[in-house]
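These are the residues of each chain, in order.
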Amino acid sequence: FWTQDASRCVIRNNRVYNNLKTAMQVSDDSDPVVVENTITDGKGGGIVVHHRARGHFFKNTISNNSQAGVGLMDDAGPVFVGNSVVGNKSGGVVMAGRSKAVFLSNVISACNFAGVGLKESSAPLFDGNVIRENLGYGILVQGSATGSFQNCLIESNSKSGVCSTGSAKMHIENCTLTGGPELSQKTGVLLHDSSSATILGCSLHAHRGGNVVMRDQSSAKMTAGIVLQGQATAELYGNVMRAGKISNLVLLERSSLTSVGNSIVDSRGVGVLGMDSSRSVFAHSTVSGNAGAGLHFTGSAAVDMTLCTIKKNAGQGVHLEQSCRPSVHSCVMFDNSEGAMLMDEGLEGPLAV
């Protein structure tokens, strides 16, 4: 099928299979309605929408094509509702150009490379989709793409649930990201380069490499167990970080963090681990019930703690060593098994606990 010009056709209940090129191409200003078709086993892609085309795609099955199941380019702006995009060899949904699509309640699974791939200046909305068990990334965002993902389940993809690179911007809200019982998704969210993310109201758990990992000059506002590397920056407000394997929060290299009103609890290791030349500010935060120290800083890490409550940790409340630079003001520390604070000899800093 190839819809062109300003065509407004309805394509319903067909089986389209074993074609040498794209099974369905939607171009120019066409706006078809495509309902309950099976598009499978093609040597090219499943559905390609480009130019200024729109299109409404409902309850189709797009599977086992040699290229991407769905490809969107140029200024395309289709709507996909209730489709299954399964087992395609070059990705599930791939978007480029300035395409702006809406995806509602679709299942995107078992595709090679990525379930969803966004690049260039594409800017979709995904709401209520299931993105699972893809043989690469769940979602890969590159270039200057922006993506909004709401109410989605992103689980058991073989690499990261979400990976963002370049200057890409992500908004992830009320989503569940999980590696499942076998921890098959390496990381929940992985940010590279100068990419940024806002992560709100999400559940992130069961990732063997960390719930959120930030590298290079990436930045985020989020809730999650976090690893910051390079020059990554993060701001956390009013979140609960719980039950990390090594630590709920790790700061490495030249990363920086602002934490206000958060609870950092019940880690199987330390609550917060700051190393290298990282910088962090904690205010009105609670650090409690961790299996090691509440906060442990080493290297030349700089930390400022104001009006925090640090209690009932199995190690020290705060452990400071090497040449780290502490500043502690008006904090409450009690019932920590190995004392409120342990400092290496020679460490200096304003302390008013």
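Residues numbered from 1 in each chain as written. Predicted model: local features only at pLDDT ≥ 70, side-chain atom pairs only at ≥ 80, totals over all residues. Heavy atoms only, no water.

A. Just the pairing of strand β16 (residues 112-118), in detail. For β16, a buried count of five out of seven residues is recorded, marking the element as mostly surrounded by other parts of the structure. Here three bridges tie strand β13 (residues 93-95) to β16, and the two strands are oriented parallel to one another. Bridging from a neighbouring strand, Val94 pairs with Gly117 of β16. As paired strands, β16 and strand β19 (residues 135-141) are joined by six bridges and run parallel to one another. Each residue of the ladder has a partner; that of Val116, found in β19, is Ile139. (Buried < 20%, exposed > 50% of the residue type's maximum accessible area, 1.4 Å probe, protein only. Helix = DSSP H or I, 4+ residues; strand = E, 2+ residues; numbered from the N terminus. Pairing = 2+ DSSP bridges.)

B. Region of the structure containing the packing of aromatic side chains. Enumeration over the complete set of coordinates arrives at five aromatic pairs. Where Phe126 meets Phe149, the ring centres are 4.8 Å apart and the plane angle is 15°; that geometry is what we call stacked. Linking Phe126 in strand β17 (residues 125-127) with Phe149 in strand β20 (residues 146-150), this pair joins segments that are 23 residues apart in sequence. (Phe/Tyr/Trp six-rings, centres within 6.5 Å; stacked < 30°, edge-to-face > 60°.)

C. Main features of the sheet that holds strand β3 (residues 15-17). Spatial strand order, β3-β6-β9-β12-β15-β18-β21-β24-β27: nine strands in an open sheet with parallel pairing. Both edges of this open sheet fall to β3 and β27 (203-205), since each of them pairs with a single strand only. In this sheet, adjacent strand axes meet at a mean angle of 5° when their direction is disregarded. Two elements, strand β15 (residues 107-109) and strand β18 (residues 130-132), share three bridges in a ladder whose sense is parallel. In the strand pairing of β18, Ile108 is matched with Ile131. (Axes fitted to C-alpha atoms, helices over the stretch in contact; angles between N-to-C directions.)

D. Region of the structure containing the nonpolar core. In terms of nonpolar packing, the biggest core is built from 72 residues, with Phe149, Phe282 and Met305 touching the most fellow members. The residues touching Met305, leaving out its near neighbours within four places in the chain, are Phe282, Leu295, Ile310, Val318, Ser327, Val328, His329 and Cys331. Within the second largest apolar cluster, nine residues are counted, among which are Tyr137, Cys163, Val227 and Leu252. (Core = buried A, V, L, I, M, F, W, Y, C linked by side-chain atoms within 4.5 Å. Contact = heavy atoms within 4.5 Å.)

E. Here's a closer look at a negative patch on the surface. Together, Asp193, Asp216, Glu253 and Asp276 make up a region of like negative charge exposed at the surface. Mapping Glu253 onto the fold places it in the loop between β33 (247-251) and β34 (256-260). (Patch = residues over 30% accessible without salt bridge, like charges linked within 9 Å, V, L, I, M, F, W, Y side chains within 5 Å. Areas by Shrake-Rupley, 256 points an atom, 1.4 Å probe, with all protein chains shown as cover. Salt bridge = Lys/Arg side-chain N within 4 Å of Asp/Glu carboxyl O. Lys, Arg positive; Asp, Glu negative; His and termini not counted. Charge placed at Lys NZ, Arg CZ, Asp CG, Glu CD.)

F. Local environment of the sheet that holds strand β38 (residues 286-288). The five strands are arranged β32-β35-β38-β41-β44 in an open sheet whose pairing can be described as parallel. Edge positions in the sheet fall to β32 (240-242) and β44 (332-334), since each has one partner strand and no second. The sheet shows a mean angle of 5° between the axes of neighbouring strands, direction not considered. One ladder, built from three bridges, connects strand β41 (residues 309-311) with β44; its direction is parallel. The residue bridging Thr309 from the neighbouring strand is Val332, located in β44.

G. Main features of the pattern of salt bridges. Using the criterion set out here, one finds three salt bridges in the structure. As a salt-bridge pair, Arg52 and Asp29 come within 2.9 Å of each other at their nearest N and O atoms. Here Arg52, found in the loop between β7 (47-49) and β8 (56-58), pairs with Asp29, found in the loop between β4 (24-26) and β5 (33-35); they are 23 residues apart in sequence, far enough to count as distant. The partly exposed category is assigned to Asp29, whose relative accessible area is 35%.

H. Seen up close, the state of the cysteines. Applying the stated criterion to the full structure yields zero disulfides. Lacking any disulfide linkage, Cys152 is separated from the closest cysteine sulfur, that of Cys175, by 4.6 Å. You can see Cys308 has no disulfide; the closest cysteine sulfur is in Cys331, sitting 4.6 Å from it. (Disulfide = S-S within 2.5 Å.)

I. Quick peek at the environment of Gly45. You can see Gly45 is positioned in the loop between β6 (38-40) and β7. Judged by its relative accessible area of 4%, Gly45 falls in the buried class. Taking the C-alpha atoms as reference points, Gly45 and Ser66, separated by 21 residues in sequence, lie 6.3 Å from one another. Ignoring any residue separated from it by four or fewer positions in sequence, one finds Gly45 in contact with Lys21, Thr22, Ala23, Asn65, Gln67 and Ala68.

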